[in-house]
Amino acid sequence: MAILGDYIRIKHGFAFKGDYITTEDNGVVLVTPGNFEIGGGFKEKKCKFFSAEYPVDYVLHAGDLIVTMTDLSKQGDTLGFSALVPNSNRTYLHNQRIGLVDVFNPEADKDYIYWFMRTPYYQKTIVATASGSTVKHTSPLRICDVKIELPPLDEQKKISSILRSIDDKIENNQKINDNLQQQAFALFDKLLTTEHPESCSLSEIAELNPKRSLAKNEMARYIDMAQLSTSGSFPNGWEIKPYNGGMRFANGDTLLARITPCLENGKTAYIDFLNTNEVAFGSTEYVVMCSQGQYPSEFFYCLARYPSFVDYAVKNMNGSSGRQRVSAETIGKYSLPQLTDDELSEFRDVVPVLFSTMRLNSLENIRLSELRDALLPKLMSGEIDVSDIQL
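This one's a predicted model, so the numbers in the text were calculated from it and none came from an experiment.

A. The arrangement of the overall build of the protein in detail. Within the protein, the secondary structure is distributed over ten helices and 21 strands. A globule of 391 residues ought to have a C-alpha radius of gyration of about 21 Å, and the protein, at 23 Å, matches this closely. Along the longest, intermediate and shortest principal axes, the C-alpha atoms of the protein span 70 × 50 × 40 Å. Buried positions account for 49% of the 391 residues belonging to the protein. Relative to all contacts within the protein whose residues are 6 or more apart in sequence, the contacts with residues 24 or more apart total 81%. Separation between the mean location of the 40 positive side-chain charges and that of the 50 negative ones in the protein comes to 6 Å.

B. Focus on the pairing of strand S1 (residues 8-11). Of the two faces of S1, the one lined by Ile 8 and Ile 10 is fully buried and the one lined by Arg 9 and Lys 11 carries no buried residue. By the bridge criterion, four bridges tie S1 to strand S10 (residues 98-103) in an arrangement that is antiparallel. Residue pairing for S10: Ile 8 is matched across the bridge by Val 103.

C. Here's a closer look at the nonpolar core. Within the largest apolar cluster, 41 residues are counted, with the highest numbers of intra-cluster contacts made by Leu 202, Phe 299 and Ile 331. Of all the elements in the fold, those that place two or more residues in this core are helix H4 (153-193), helix H5 (202-205), strand S13 (206-208), strand S20 (286-291), helix H7 (298-304), helix H8 (307-315), helix H9 (328-332) and helix H10 (341-381). In terms of residues, this core owes the most to one element, H4, which gives seven residues.

Calculation notes
Numbering of residues starts from 1 in every chain and runs along the sequence as written. Confidence filtering applies because this is a predicted model: local features only for residues at pLDDT of at least 70, side-chain atom pairs given and counted only at 80 or more, and all residues used for totals across whole chains, interfaces and linings. For the side-chain quantities, the full set of heavy atoms in the structure was used; hydrogens and water were omitted. Numbering of helices and strands runs from the N terminus; a helix is a DSSP stretch of H or I covering at least four residues, while a strand is a stretch of E covering at least two. Our radius of gyration looks at C-alpha atoms and nothing else; its globule reference is 2.2 Å times the residue count to the power 0.38. Using a 1.4 Å probe on the protein chains alone, a residue whose accessible area is under 20% of its type maximum counts as buried, one over 50% counts as exposed, and one in between counts as partly exposed. The contact definition used throughout considers only heavy atoms, calling two residues in contact when any of these lie within 4.5 Å. His is not counted, nor are the chain ends, whereas Lys and Arg count as positive and Asp and Glu as negative. All charge positions are set by atom: Lys at NZ, Arg at CZ, Asp at CG, Glu at CD. Two strands are said to pair when DSSP picks up at least two bridges between them. Grouping buried Ala, Val, Leu, Ile, Met, Phe, Trp, Tyr and Cys residues that are joined through side-chain atoms within 4.5 Å yields what is termed a nonpolar core.

See the structure below:
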């Protein structure tokens, strides 16, 4: 059987100096393993940037196929997975431990190789041959040694097209959600920066860690800290398991990570996808916020992402280095302007509709992701025959 090395070669990245790596967006993205989604694909959120001159030979181009060769997780969550460099007005730099894949053999379609490098078979092979325990590493040689059986070129293109059409819809839904969330944040910011004669504490308008009922060992939806987004309102998934402790929450609640570095990284969620009267649970390191009634529940999600609120929470963390937390009591002391009835009505007229659309798009993206992940190995193995499909 052929191996990947019969069709591709992999170029190492450049060792950019750490002194010039920044989180300030200057439009020059230093691509790192953090730019790879679990399961493959490019993750644009929480980028690192480079603030000095750089060698032009290590500038990536839109559509370039790249692969991550280092992973900090014990499970190797992203190790070996592929991504395509986005088409945007940003510059993307080819950093060390990122491989640039050159598909040199005309018998192989680059998009097909991209999808092959997202299959469970491929990634399990990479993790199984990785070196390191805490930090896992692979290499161009190990990647190129993975066995592959290529179908005819026209079938490769059909398979790639099917999978790409699903990913394009997911990406479009996410862009819509990002835009809708920014509209909500813009109104929230306008309301909070308007002059107000009175202020209030958060605990006066929100209930923190409200009581929710779940019996021990009752089967319930569980949302882990790892499943909270650092930029959006919707978690990346959940599982059903027996309740054995943890923070409980229901529709209308906002989850806020209270521990470092999750708080600084923006781990937050708005809960609006549970069934009627359903109670879910998650990490003990959440602060749960819900409205006392006057303020719309979405207001508190917007607050959880408000820079001044996050800055307050981070500065008021306590505990030993590496395990610092902010308490719900401290969160409750945060002071903010007391909105008028007209301002609350304006927020209520606009924002819940935006969140409802975001919820529908997010639920559709979960279904599309499940469809794509189910189709991927079946298309690659030939279990689903695409030879007669006309594109």
